[in-house]
Amino acid sequence: MNVRRNCAVFLLGVVWASFPLRAATQLDGGFTLSKAAYLAGEPVFLSFTVKNVSTRPILIRTASPLSFCSGYHFELKGARDREATGCRQTGAGGSCASSDAVLTPGKSHTDRILLNARYDLRQSGSYSLHVTYRLSYGPEDGDPSAHLLNKHFQEFQYQSTIMIEPSQTADLEPEFVQYEQALGSADMQTKLEAAEVIAYLAPEAEEATILKMLDVPLLQSYGVEGLRNLGTPSAHRALANFVKDSPPTNVVGVYQDALRYLGEIGDGGDVSVLLDAAHANAADSISRMLAIESAGSAGGSAAVPALVAELKGSSVDTRQAAVRALYLTGSREAVPVLIDLLRSPEWRVSLTAEYGLEVLTHRSGSKTNSMNPPPPDAYTKWNQWWRASGSTATIFKSDQCGEVVPLPSL
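1. Notes on the packing of aromatic side chains
Part 1 of the argument: For the coordinates displayed, the defined rule picks out 11 aromatic pairs.
Part 2 of the argument: Aromatic pair Phe31 and Tyr158: ring centres 5.3 Å apart, planes at 20 degrees, arrangement stacked. Residue Phe31 is located in strand 3 (residues 27-33), and its partner Tyr158 is located in strand 13 (residues 153-165); the two are separated by 127 residues in the primary sequence.
Part 3 of the argument: Of the residues examined, Phe31 reaches a relative accessible area of 1% and is grouped as buried.
Part 4 of the argument: Linked through ring pairs, Phe31, Phe48, Tyr72, Phe74, Tyr133, Phe156 and Tyr158 together constitute an aromatic cluster.
Part 5 of the argument: Positioned above the aromatic ring of Phe153 is the side chain of Arg134, whose terminal nitrogen or guanidinium carbon lies 3.6 Å from the ring centre.
Part 6 of the argument: Directly above the ring of Tyr379 sits Arg343, whose terminal nitrogen or CZ lies 4.1 Å from the centroid.

Below is the structure:
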């Protein structure tokens, strides 16, 4: 099929005074989609190529395009965003690996972006794509901190429509056979791109291939991602076994991803697996906290008794994680437990309990900041309201949005 090219690219530039032509454009760039139309279940690649059109070497800062610090911003209407966390998202965080690339005059650099890694595009339909890319750059011999602070940049924008057509499993088999073969490539970029495609598209016919990825350290993260996206009972069992068989670690990576994904499945049978993983990790570790929270997500109301037991943990981090897990159950049974925790002498516990009550009930008992406990009357207000309305009040999941209404005054 014909390659669809960018119909409109807008450039905005800010350049260093040391550049010989201050008003001249230093970089030229454009986006292309890999095809004009795709079959449902086929990888959708978007490429961005930037070229140095100046007469001097230019240093550009590059990062994984789908990471929060890359400079890319994507909007794809009609497709589920895999990173969306509902109305209670607190913003991007974490670390982001990046590097510098030097473009000599006339040299180009291309980012090849698998949109399926961010958006679910396995259903047929028409999807409206809008991309903005703020590319930081500067002279090769300039101050490196200048473009780190985004003081010098050009902005590129792109709009297009992605057409996804209906397909049958047989239509996709030849393409995925090629990706299977590419997993054995000596070229690292080819190998990793093939693993990424198989993990995020995750056709059931590739389950055996995804399981094999778990045994290859370089591909293990793609194997866990693939199990998440397969969604089959056997993939679920394999993910639970991966958590059971993995040694405890506080290193951010595939183990913590597996803990999170197991919670997302929402199977109460995984609560014991997750709490065993929690207890295997250090009391103040992120892995323990994540495993406890995932137990709440997985178990719902059935997990409440086990989470109450976690409130007796020796670490305040563990106790606070148990409070978060309680409201992540999305259960009515968690509310009275959280109300009692408003009387905790530990402000981190009582404050988290107040927030959890707001998540579950869409009611607000007080206005507090992140460093102070709820006011003394918070427990009384919540307790009275729950006694009067608890049997009929609507209980919400953590990703359900809605207006938060103040509790009645005493």
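2. Here we look at the environment of Met163
Part 1 of the argument: Take Met163: it is sitting in strand 13.
Part 2 of the argument: When its relative accessible area of 33% is taken as the criterion, Met163 is described as partly exposed.
Part 3 of the argument: C-alpha separation for the pair Met163 and Lys35, spaced 128 residues apart in sequence, amounts to 9.3 Å.
Part 4 of the argument: Those residues within four positions of Met163 in sequence are excluded, and the remaining contacts are Ala36, Ala37, Tyr38, Gly125 and Ser126.

3. Here we look at the packing of helix 2 (residues 169-182) against helix 3 (residues 188-201)
When two helices pack together, their arrangement is given by the angle between the helix axes and by the axis-to-axis distance.
Part 1 of the argument: At a minimum axis distance of 8 Å, the contact between helix 2 and helix 3 shows a crossing angle of 135 degrees. Looking at the two axes, helix 2 sits oblique to helix 3. Where helix 2 crosses over helix 3, the two elements pack in a sense that is left-handed. Residues Phe176, Tyr179, Glu180 and Ala182 of helix 2 touch helix 3, and the partners they reach there are Thr190, Lys191, Ala194, Val197, Ile198 and Leu201.
Part 2 of the argument: Along the lines of polarity and charge, the residues of the contact of helix 2 with helix 3 split into seven nonpolar, one polar and two charged.

Parameters and conventions
Residues numbered from 1 in each chain as written. Predicted model: local features only at pLDDT ≥ 70, side-chain atom pairs only at ≥ 80, totals over all residues. Heavy atoms only, no water. Phe/Tyr/Trp six-rings, centres within 6.5 Å; stacked < 30°, edge-to-face > 60°. Helix = DSSP H or I, 4+ residues; strand = E, 2+ residues; numbered from the N terminus. Buried < 20%, exposed > 50% of the residue type's maximum accessible area, 1.4 Å probe, protein only. Lys NZ or Arg CZ within 6 Å of the ring centre and 35° of its normal. Contact = heavy atoms within 4.5 Å. Axes fitted to C-alpha atoms, helices over the stretch in contact; angles between N-to-C directions. Parallel < 35°, antiparallel > 145°, perpendicular 65-115°, else oblique. Left-handed = near helix turned anticlockwise from the far one by under 90°. Nonpolar A, V, L, I, M, F, W, Y, C, P; charged D, E, K, R; others polar.

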